[in-house]
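# Examining the three-dimensional arrangement
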Amino acid sequence: MMKPAAPLPSVEIDEASGTVLLRTTYSVYVLRVDRVAGTVRHVHWGAPLPLADAVTLPVWSEHDNSFAGRWDGVEEYPVDGGARFGVPALEVRFPDGSSPLEPTVLAVDRRAADHVVVRLRDRTRPLTWHLHYRVPADGDVLERWTEFHHTGADGDVLLLRYASAHWPLPHRPAWRTGSVHGGWAGEGRLERSVLPVGETVIGSRRGHTGHHANPWMAWDAGDAGEEHGEVWVVALAASGTWRLTAQRTAAGRTGVVAGEGHEGIELRLAPGGSHRTPVSLALYTAHGFGQASRDFHHHLRMHVLPHPEEPRPVLYNSWEATSFDVSEDNQLALARRAADLGAELFVLDDGWFRGRDDDRAGLGDWTPHPARFPRGLRPLADEVHRLGMAFGLWVEPEMVNADSDLFRSHPDWVLHQPDRTATELRNQLVLDFSRPEVTEWALGWLRKVVADNAVDFLKWDFNRAFTEAGAHPAGPDARRVHVEHARGLYRVLDRLRADFPRLRIEACAGGGGRVDPGILARTDQVWPSDNTDAVDRLTVQHGFSQLYPAGVMSAWVTDSPNPLTGRVVPMRFRFHSAMAGVLGIGGDLTRWTDTERAEAAELVRVYKDIRPVVQRGRQYRLLAPGEGPLAAVQYVSEDGGRAVVLVWRPSTAFGPALPSLRLRGLDAEARYRDEESGREWSGSTLRSFGLPLPELPAGDCASALVRLRRIEDPGPGPGPGPGAGA
Ligand code: GLA
């Protein structure tokens, strides 16, 4: 199937009507600047249309009466002020205590072919805000962010709400919203429900992205499916406290305000000061939830991830094998076995530093544990390198135990409030990364540990939420640390990466507590959950994949029975589950039998063969876990020449008969060969009748992996566009 010709992403402006049209590969977003009313109105977001039409399209307005917010839901950036009664994107308090804003439009600036800025200011007060719109090349994701400037000479302006964007949705009779929720060891559970009239809020008040929600929401009119129907998605690149507020008015308007912060988390702008929000990303597709995910994956690879092209190594991690009880000897024993299995990176997890015998002490004192590593870490690192693997190390730089030398010398560095108890969670306190002296300290020891021990990879953890989060010195915006801590973290990560360009980083926060497009701009992969049960993991991975690509999704094969759930799962199923992302191994290899290790080595070998397809290909969720007896995922290589199918049957139900599996993203005209059995099918058979499933072993937790290769080339392949999903 030919990829439909699409115009290049661009910004088109019609000066006379004030219309701005943002064109992505397969969608259009239109706004109109109204200089008389002093606002920017939303016109259209959806299927492509020409500028000539966009110029004349009416802007929706509510029936005008003395109780109505006439423009509620249709402004690009609603402020608190005037007859507006919806969720404001911007709400402030001026030095005299007044709040209402009266916007006027200053200018529409085209900054580049793909970037336009609408500048607004208050009619009389010294505040300007700039709405940035960018259309990144090659895709359907739009980026928006906002900058605020205090242009006066006296008095502070307090920002109470300071959203990145308001994204109005088109009119539909009803809306369904989708998002993920969960908790520690149970992240990524996808839920779709009817959007009620009113305000629906997801977010985090925890200072980190959160296990409990993830900063994105998807919408459809109730009629979309995995591979069909119109879908809109909004996400936020924020790793601190955040909030997405979807609003549906009784009059039929729907939209979402996306921004950092939450109620009560205010930011102070001093005269001359400015603040820039994180980027909010959004997309429209006419081809279902699956295409929305593939578009996001593509965007993250093209525009966000630092090294999207690099194959992620097969890693071994010591945590589930040795917990805190690490030593040079037991890590060497694991490293040798890991190398035998084909691991390419060995990661020494928690427990390696001074005072760290359990989770009650040590965080903050980042020098090797003298009893466990009397010679330091370097001999272990050297041996790991000699075994042909990279060397990785667990760190948790933003945390401190009260029982540590760091805390004893800097008790004021933790988040705390005067005369309040500083709550300990997992026996630890949070270091205030909004303070330069704290981030300089962190950068100092990180540089030393990385350089001294030839560290190639850091697993960067964050194991508790914020409490008593006040910045120091305090002030009217004492809780700004909810926003500024993550910015301090970004600065440390950016500088560390600049100093060590070959260093790779895995983001972890007690599992998937900090997964978002902001952290992904400065890390290479993420640990989605501390739950390594291969069956539970299918659900976590399904939720993860809604926004994030398999190439950043770390997944380990651990022991059976699983230490968390007690479930007994065959080696093959455990591998097949983890092979759907960035394969790692986390079991106690000293207890694996020769037969198990031989099987594992063979599965690692197979993974290395499919790795480019899984990590860089297009992902199709064929069957969602929990919705039937089977779950299945398919990946198609960038050039369309290979496909990998993973299918799992967590439990047997009503006998062995299984349907064929209808594949996606294949060229109907081409023929494909199963690399194991040698059987051949046409793309149209695989798409229409489906792939006849290989026989699965009897019993619970059965799985299969099928590798297909295109054997003849009848012409151009489906390419990455929506046509490929048909
Ligand atoms: C967190 C991580 C685990 C492990 C432990 C170590 O819980 O998610 O993988 O690193 O910390 O304390």
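All residue numbers here refer to positions counted from 1 along the written sequence of the relevant chain. For a predicted model such as this one, the threshold for reporting local features is a pLDDT of at least 70, and the threshold for listing and counting side-chain atom pairs is 80 or more; totals across whole chains, interfaces and linings nevertheless cover every residue. The side-chain figures draw on all heavy atoms in the structure; neither hydrogens nor water molecules are used.

Attention now goes to the pairing of strand 17 (residues 242-248). Within a regular beta strand, the side chains point alternately toward one face of the sheet and then the other, so they alternate between its two faces. Burial analysis of strand 17 places seven of its seven residues in the buried class, the great majority of the element. Residue alternation in strand 17 divides its side chains into two sets, Trp 242, Leu 244, Ala 246 and Arg 248 and Arg 243, Thr 245 and Gln 247, and both sets are buried. When DSSP finds two or more bridges between two strands, those strands count as paired. Going along the chain from the N terminus, every DSSP run of H or I of four or more residues is numbered as a helix, and every run of E of two or more is numbered as a strand. Where strand 14 (residues 198-204) lies against strand 17, seven bridges are found, and the strand directions are antiparallel. Residue pairing across strands places Val 201 opposite Thr 245, the latter belonging to strand 17. Pairing between strand 17 and strand 18 (residues 254-260): seven bridges, direction antiparallel. Looking across to strand 18, one finds that Thr 245 is bridged to Val 257. Here the term buried applies to any residue with accessible area under 20% of the maximum for its type, exposed to any over 50%, and partly exposed to those in between, with areas from a 1.4 Å probe on protein chains only.

With that settled, consider the site of the ligand. Taken together, the neighbourhood of the ligand is formed by 13 residues, with Asp 349, Asp 350, Lys 459, Asp 461 and Asp 530 sitting nearest. Nitrogen and oxygen atoms within 3.5 Å of one another constitute a polar contact, given that in protein one can donate a hydrogen and the other can accept it, and given that sequence-neighbouring residues count only through two side-chain atoms. With respect to the ligand, the side chain of Asn 463 contributes an N or O atom lying 3.1 Å from an oxygen atom. Method for areas: the Shrake-Rupley scheme with a 1.4 Å probe, in which residue coverage is limited to the protein chains shown. Summarising the interface, the protein chains cover 97% of the accessible area of the ligand, which totals 310 Å² for the free molecule. Ten residues, namely Ala, Val, Leu, Ile, Met, Phe, Trp, Tyr, Cys and Pro, are considered nonpolar, four, namely Asp, Glu, Lys and Arg, are considered charged, and the remaining ones, Gly among them, are considered polar. Split into classes, the residues belonging to the shell around the ligand amount to four nonpolar, three polar and six charged. For this description, a residue counts as near a given molecule or strand if any of its non-hydrogen atoms is within 4 Å of it.

With six of its seven residues buried, strand 3 (residues 28-34) lies for the most part within the structure. One ladder, built from five bridges, connects strand 2 (residues 19-23) with strand 3; its direction is antiparallel. Considered in strand 3, the bridge of Leu 22 is made with Tyr 29. Hairpin connection between strand 2 and strand 3: a loop of four residues separates the two successive antiparallel strands. In this antiparallel pair of consecutive strands, strand 3 and strand 4 (residues 39-46), the connection spans four residues, and Gly 38 shows a positive phi of 70 degrees.

For the rest of this paragraph, the subject is helix 10 (residues 534-545). Two residues of an α-helix separated by three or four positions point the same way, owing to the 3.6 residues in each turn. An ideal rise of 1.5 Å per residue puts 16 Å on twelve residues; helix 10 measures up with 16 Å between its terminal C-alpha atoms. With ten of its twelve residues buried, helix 10 lies for the most part within the structure. Those residues of helix 10 that sit buried are Ala 534, Val 535, Arg 537, Leu 538, Val 540, Gln 541, His 542, Gly 543, Phe 544 and Ser 545. Two or three places before Val 535, at the start of helix 10, stands the capping residue Asp 533, its side-chain oxygen 2.7 Å from that residue's backbone nitrogen. The span one expects for a helix is its residue count, reduced by one, times 1.5 Å.

Nonpolar cores are built from buried Ala, Val, Leu, Ile, Met, Phe, Trp, Tyr and Cys residues. Side-chain atoms within 4.5 Å join them into one set. Grouped together as the largest cluster of nonpolar side chains are 121 residues, with contacts concentrated most on Leu 348, Trp 352, Leu 458, Trp 460 and Phe 575. Sequence-distant contacts of Leu 348, that is, excluding residues within four places in its chain, are made with Ser 318, Val 326, Gln 331, Phe 373, Leu 377, Leu 380, Phe 391, Gly 392, Leu 393 and Trp 394. Tyr 77, Leu 142, Ala 213 and Ala 238 belong to the second largest nonpolar core, which has 56 residues in total. Any two residues whose heavy atoms approach within 4.5 Å at even a single point are treated as in contact.

So, about empty space enclosed by the protein. Only protein atoms enter the calculation, which uses a 1 Å grid: trapped sets of points that fit a 1.4 Å probe without letting it out are cavities, open sets showing protein on both sides within 12 Å along at least five of seven lines are pockets, and any residue with an atom within 4 Å of a point is a lining residue. Grid points are joined across faces, edges and corners, and a volume is the space filled by probe spheres set on the points. With the rule as written, the count across this model stands at nine cavities of 30 Å³ or more. In this structure, the largest cavity is lined by 18 residues; those nearest its centre are Val 180, Glu 187, Gly 188, Asn 214 and Gly 512. Secondary structure elements with two or more residues in the lining of the largest cavity: strand 12 (176-181) and helix 10. With three residues, the top contributor of residues to the lining of the largest cavity is helix 10. Looking at the lining of the largest cavity residue by residue, the classes come out as eight nonpolar, nine polar and one charged. Taken together, domain 1 (85-304) and domain 2 (315-400 + 437-467 + 503-616) each give at least three residues to the lining of the largest cavity, which thus spans both. Approximately 130 Å³ is the volume attributed to the second largest cavity. Along the walls of the second largest cavity sit 18 residues, with Leu 538, Gln 541, His 542, Gln 619 and Val 633 positioned nearest its centre. Those elements that provide at least two residues to the lining of the second largest cavity are helix 10, strand 32 (618-623) and strand 33 (631-636). The start and end points of each domain follow an automatic or database-based domain assignment.

A word on the packing of aromatic side chains. The pairing test for Phe, Tyr and Trp rings, Trp by its six-membered ring, is centres within 6.5 Å, and the orientation test on the planes gives stacked under 30 degrees, edge-to-face over 60, and tilted for anything in between. Counted according to the given criterion, the structure contains 19 aromatic pairs. When the ring of Trp 319 is compared with that of Phe 324, the centres are 5.2 Å apart and the planes differ by 90 degrees; the resulting orientation is edge-to-face. A residue is classified by how much of its surface remains accessible, and Trp 319, at 24% relative accessible area, is partly exposed. Centre to centre, the rings of Phe 353 and Trp 366 are 4.2 Å apart; their planes meet at 40 degrees, and the pair counts as tilted. On the criterion of sequence distance, the pair formed by Phe 353 in the loop between strand 23 (345-348) and helix 5 (378-386) and Trp 366 in the loop between strand 23 and helix 5 is long-range, its members being 13 residues apart. Both residues of the pair, Phe 353 and Trp 366, count as buried. Positioned above the aromatic ring of Trp 71, the side-chain terminus of Arg 41 is 3.4 Å from the ring centre. Definition used: whenever NZ (Lys) or CZ (Arg) falls within 6 Å of the ring centre and also within 35 degrees of the ring normal, the charge is taken to sit over that ring. Stacked on the ring of Phe 289, the Lys or Arg Arg 192 has its end atom at 3.6 Å from the ring centre.

With that settled, consider the domain arrangement of the protein chain. Partitioning the protein chain into structural domains gives domain 1 (85-304), domain 2 (315-400 + 437-467 + 503-616) and domain 3 (623-710). One C-alpha centre belongs to domain 1, the other to domain 3, and the line joining them spans 38 Å.

What follows covers the pattern of salt bridges. Each reported salt bridge corresponds to a side-chain nitrogen of Lys or Arg within 4 Å of a carboxyl oxygen of Asp or Glu. On inspection of all chains with the given rule, the structure shows 63 salt bridges. In this structure, the salt-bridge partner of Glu 143 is Arg 134, at a minimum N-O distance of 3.0 Å. Judged by its relative accessible area of 9%, Glu 143 is buried. Residue Arg 591 is joined to Asp 559 by a salt bridge in which the shortest nitrogen-to-oxygen separation is 3.5 Å. Highlighted residues: Arg 591 in the loop between strand 31 (582-585) and helix 12 (594-616) and Asp 559 in the loop between strand 30 (554-557) and helix 11 (571-578), separated in sequence by 32 residues. Within this structure, Asp 609, Arg 642, Glu 675, Glu 676, Arg 707 and Arg 709 form a network of salt bridges that share partners.

Those residues of helix 5 that fall on the buried side of the exposure criterion are Leu 380, Ala 381, Glu 383 and Val 384. Projected onto a plane normal to the axis of helix 5, the buried residues spread over an arc of 165 degrees and lie on a single side. Of the surrounding elements, those touching the buried residues of helix 5 are helix 4 (328-341), strand 23 and strand 24 (390-395). The reported arc concerns the directions from the helix axis to the C-beta atoms and nothing else.

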